[in-house]
Amino acid sequence: MRLSRYFLPVLKETPSEAQIASHRLMLRAGMIKQATAGIYSWLPLGFKVLRKLENIVHEEQVRAGHVPMLMPTLQSADLWRESGRYDDYGAEMLRITDRHGRDMLYGPTNEELITDIFRAHVGSYKDLPLTLYHIQWKFRDEVRPRFGVMRGREFFMKDGYNFDLTKEDALHAYNRHMVSYLRTYERMGLQAIPMRADSGPIGGDDTHEFLVLAETGESEVFYDSAITDLKLGERVVDYDSRAECEAIVTEWTTPYARTDETHDEAKFNAIPEARRRSSRGIEVGQIFYFGTKYSEPMGATVQGPDGKSVPVHMGSHGIGVSRLVGAIIEASHDERGIIWPEGVTPFHAGIVNLKQGDAEADAACEALYASLTALGLEPLYDDRDERAGGKFATMDLIGLPWRITVGPRGLKNGVVELTSRRTGESEELPPEQAVEKLAQIYAGHVLRPAF
């Protein structure tokens, strides 16, 4: 993309309503614009990041054997009355009446709707196990929306639902989801710690939240620092293996890690003092096992091996995709702007032409642009007739991990400057070597369509 043709409405001043770094930087970098309280338009740069995160979530869900679909944003209140949650959910639910007087709601979650789909089409244990998921906009009428996309009213979320014959089968689905989430967050450049948590209005016996450590997090968290050393890396996981999934979950849940709601001071104090940590955390996902909480009242049953009808065991699993954009920025920024991890950056590198209109500099930038594009990378070429300082400030603000600076002086020596946004370190390289280095860096990060 050429910046002269792109829509990137960056702001020099920080809007007064922005209280935390991610909100401030998303507004300044031209990623979002508030439409009304807690509801945002996603401008091209923000939308591009949102779609990259969505693709990673899709890829890892499909890798784990889960099946994508799409459910509507509006739901019938009758389904929620059937489950008993319509009156219990509270004021966060946006209730609507259509022109025929039917009670509707803007979905805050989808347990009832997915259960209705399941019971209409699945009747035998032979069709199990089954995990369906979708990524869809949701709405919760926060009493005081704040912090931009971190605590908005409308949000983009992946929610998945497993249906299993027995509790043991459903707990394998729980473990499978935890492993897939760990890989998902790692690919995004995040360290999201699974912590024993409270189930809230979803209900259920077993639940873990995934929290990213950040000073602006809404939750107080307590953990054993040993958990921050764990990585899945390139480990190949057989998601059908109960033993393998359970072993990974045990590895990640044995070190103490809890939110303030479930914190146990005695167990925390049993950790060696040097490893005890307390911090703030941003919730970016949660998984639940809730047994037959929805299947029994809603009649989601299957015929078991003995011919008897039994309610299925269920769980739900959510990732706040739009919230993740803010969480990544909270975890990765400096005073100059955002610092995107390579796996989620909207553009893989910025090309800055120090002397737009100079024939040699223009030709070199065009050649770099063509070479990177041919490799499947997406460069953002700042071809505007602007001062170099302004171009650098824009690149720092929007946070692309790598910048190639092209100017007449360097070209006389046959080199361009490749700069890391994270470290600030630069090196001079011939243009073809700069392209080759970027190709190597992004070899494991270029995304393919999930399905």
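Cut-off values and rules
- Residues numbered from 1 in each chain as written.
- Predicted model: local features only at pLDDT ≥ 70, side-chain atom pairs only at ≥ 80, totals over all residues.
- Heavy atoms only, no water.
- Pairing = 2+ DSSP bridges.
- Helix = DSSP H or I, 4+ residues; strand = E, 2+ residues; numbered from the N terminus.
- Axes fitted to C-alpha atoms, helices over the stretch in contact; angles between N-to-C directions.
- Buried < 20%, exposed > 50% of the residue type's maximum accessible area, 1.4 Å probe, protein only.
- Contact = heavy atoms within 4.5 Å.

Q: Go over the sheet that holds strand 21 (residues 402-406), please, and point to the residues and values.
A: The five strands lie next to each other as 20-19-21-22-23, forming an open sheet whose pairing is mixed. For this open sheet the edge positions go to strand 20 (379-382) and strand 23 (426-429), each flanked by a neighbour on one side alone. Across this sheet, the average inter-strand angle for adjacent strands is 20 degrees, counted without regard to direction. Across four bridges, the pairing between strand 21 and strand 22 (residues 416-420) is antiparallel. Within strand 22, the residue paired with Trp 402 across the bridge is Ser 420.

Q: So what about the sheet that holds strand 5 (residues 94-97)? Which residues, and what values?
A: Pairing between the strands of a sheet comes from backbone hydrogen bonds, and it takes one of two forms, parallel or antiparallel. The strand order across the open sheet built from three strands is 4-6-5, with neighbouring strands paired in antiparallel fashion. Each of the sheet's edge strands pairs with one partner strand only, and the pair in question is strand 4 (74-76) and strand 5. Pairwise comparison of adjacent strand axes, ignoring direction, gives a mean angle of 35 degrees for this sheet. As paired strands, strand 4 and strand 6 (residues 103-106) are joined by three bridges and run antiparallel to one another. Residue pairing in the sheet places Gln 75 in a bridge with Leu 105 of strand 6.

Q: Can you break down helix 11 (residues 388-398) residue by residue, with the values?
A: Taken together, the buried positions of helix 11 are occupied by Lys 391, Thr 394, Met 395, Asp 396, Leu 397 and Ile 398. On its buried face, helix 11 sits against helix 1 (21-28), helix 2 (44-63), strand 18 (337-338), strand 19 (349-353), strand 20 and strand 21. The positive-phi residue at the C-terminal boundary of helix 11 is Gly 399, with phi of around 80 degrees.

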